[in-house]
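Residue strings, one per chain:
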Amino acid sequence: MITHEQCLYWDKEDELKHFKDEFALPKDIVYLDGNSLGARPKNSLNYAQHIITQEWGEDLINSWNKADWWGLPVRLGDKVGQLIGAKQGETVISDSTTLNLFKVLSAAVKIQANKYPERKIIVAEKDAFPTDIYIIEGFIDLINQGYQVELIDGVSDLDRVLESEVAVVVLSHVNYRTGYFYDMAEINTKIHAKNALIIWDLCHSVGAVPMDLNAANSDFAIGCTYKYLNGGPGSPALLWVNPKHRDEFWQPLSGWWGHRKPFDMAQHYEPAKGIRRYLCGTQPIISMSLIECGVDIFLKASMQKIREKSLKLTDLFIDLVNQECSEFGFELITPTDHHYRGSHVSYQHPHGYEIIQALIARGVIGDYREPEVLRFGITPLYLGYEDIWNAVQHLKAIMQHNEWKNESYLVRGAVT
Ligand SMILES: *Cc1c(COP(=O)(O)O)cnc(C)c1O
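Conventions we followed
- Residues numbered from 1 in each chain as written.
- Predicted model: local features only at pLDDT ≥ 70, side-chain atom pairs only at ≥ 80, totals over all residues.
- Heavy atoms only, no water.
- Buried < 20%, exposed > 50% of the residue type's maximum accessible area, 1.4 Å probe, protein only.
- Helix = DSSP H or I, 4+ residues; strand = E, 2+ residues; numbered from the N terminus.
- Pairing = 2+ DSSP bridges.
- UniProt positions renumbered as here; feature names shortened; annotations may be inferred.
- Contact = heavy atoms within 4.5 Å.
- Salt bridge = Lys/Arg side-chain N within 4 Å of Asp/Glu carboxyl O.

Student: Looking at this model, I keep getting lost on the pairing of strand E7 (residues 166-172). Mind explaining?
Tutor: Where a strand is regular, its side chains alternate between the two sheet faces. Burial of E7 is extensive: 7 of the 7 residues sit out of reach of the surface. For strand E5 (residues 121-125) and E7, the ladder comprises 3 bridges, and the chain directions are parallel. Residue pairing for E7: Val 123 is matched across the bridge by Val 169. By the bridge criterion, 5 bridges tie E7 to strand E8 (residues 197-201) in an arrangement that is parallel. Bridge assignment links Val 168 to a residue of E8, and that residue is Leu 197.

If you want it as structure tokens, here you go:
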């Protein structure tokens, strides 16, 4: 039996508890959606003010050099790189995850076409975040060279598909819906044994779980900075390329920011040496700059400690739902095995949508994903054990009193 007192004790003993002070969160809410839009680092307000008034307002165009706006995508990439097992010069921040997938997919397919022209299959998961599948479809249609997308059911289906002519596999390191966490090194070994290449989508794993892209011998990776990393709504995304592939090919969004000498204003494209060739055009400097506020907090903590607390909090959530809400029909779809669990917990329930609305009305902010999935993001830097206790007590009250039946909870906004 887990008690409220026990949760308070765990909070008292929590080594990471002081990190909550680094974030601005409204009072009296439990924010369980940091996997979709991370909370605001307090420092981001001052930093935004500095960038807008000083760098933009006072220094104007000089800031490209003086504040090194030009170098920002790589400088920030190197900082984020420390969280993903990247070395200096392997990561850039730019554009969105969706666009970055297009770039690395083009590169991966081109590299494979040179070596193994008969390989025409691109693999993704049926349950992938849909933008990944949409981009693969758009890319295949654009190049029109007989490529096909093959959608697999999950990790158990991978061996089967790898018996065919697979060029590239695109997987989410942590599945956005179920929270399934792929064993990166093991999967890479399997894929490389069949001479295919892997692209990892890190949207739900960067800042959530420790990883080492180099040690695992990954090929390409992309991922959001506005989720666990708290970069701010729509902040630009990361892109990582294994150095062994980096200079083999450039990507077709060959804009001037990826040019070897952009200010020569040369007539023809020549890719930059190194990771800058994955840039395209002028970047949103204000939005990009704010990523640093979130990443700096992570660099003061340790991903290992964050992971330990994340597992304790997700365990607590699951145990409390078992203890307090067992009769209400919630079906856990997140792995119970730590080795395969990311940092969110998801349940399926036929009234998932209304239950999430009722929770939000009580100040517990989780989210809903089709079909019938209630998703609760666990962000150890600004959540404690009592928060989890409170969230589950609210859930129990909503179910006991049928609060979710309120008709207003059936109304859907443009964004669910
Ligand atoms: C959030 C998310 C995206 C979103 O990509 P954007 O280009 O930022 O809209 C892509 N893939 C996964 C797995 C995600 O979770």
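Student: What should I look at first to understand the UniProt feature "modified residue: N6-(pyridoxal phosphate)lysine" (unreviewed entry) in the chain in this one?
Tutor: According to UniProt, the "modified residue: N6-(pyridoxal phosphate)lysine" (unreviewed entry) feature falls on Lys 227. Here Lys 227 shows up in the loop between strand E9 (220-223) and strand E10 (237-241). With near-sequence residues (within four places) excluded, Lys 227 lies in contact with Gly 34, Asn 35, Ser 36, Leu 37, Gly 38, Cys 203 and His 204.

Student: I tried to follow the pattern of salt bridges on my own but got confused; where do I start?
Tutor: If the charged atoms of two oppositely charged side chains come close together, the side chains can form a pair. This model, assessed by the stated rule, comprises 23 salt bridges. Asp 95 is paired through a salt bridge with Lys 103; the nearest N and O atoms lie 2.7 Å apart. As a salt-bridge pair, Asp 315 and Arg 341 come within 2.9 Å of each other at their nearest N and O atoms. Linking Asp 315 in helix H11 (residues 303-325) with Arg 341 in the loop between strand E11 (331-332) and strand E12 (344-348), this pair joins segments that are 26 residues apart in sequence. On the basis of relative accessible area, Arg 341 is assigned to the buried category, the value being 1%. When salt bridges with common partners are traced through the structure, they connect Lys 79, Glu 292 and Asp 296 into a single cluster.

Student: What should I look at first to understand helix H12 (residues 352-361) in this one?
Tutor: The α-helix winds at 3.6 residues per turn, so residues separated by three or four positions along the chain end up facing the same way. In terms of residue burial, H12 counts as a mostly covered element, since 8 of its 10 residues are buried. For H12, every residue scored as buried is listed here: Gly 352, Tyr 353, Glu 354, Ile 355, Ile 356, Gln 357, Ala 358 and Leu 359. If you follow the buried residues of H12, they end up packed against strand E13 (364-365), strand E14 (367-369), strand E15 (373-377) and helix H13 (385-400). Taken from the residues just after H12, Gly 363 is the one with a positive phi, measuring 90°.

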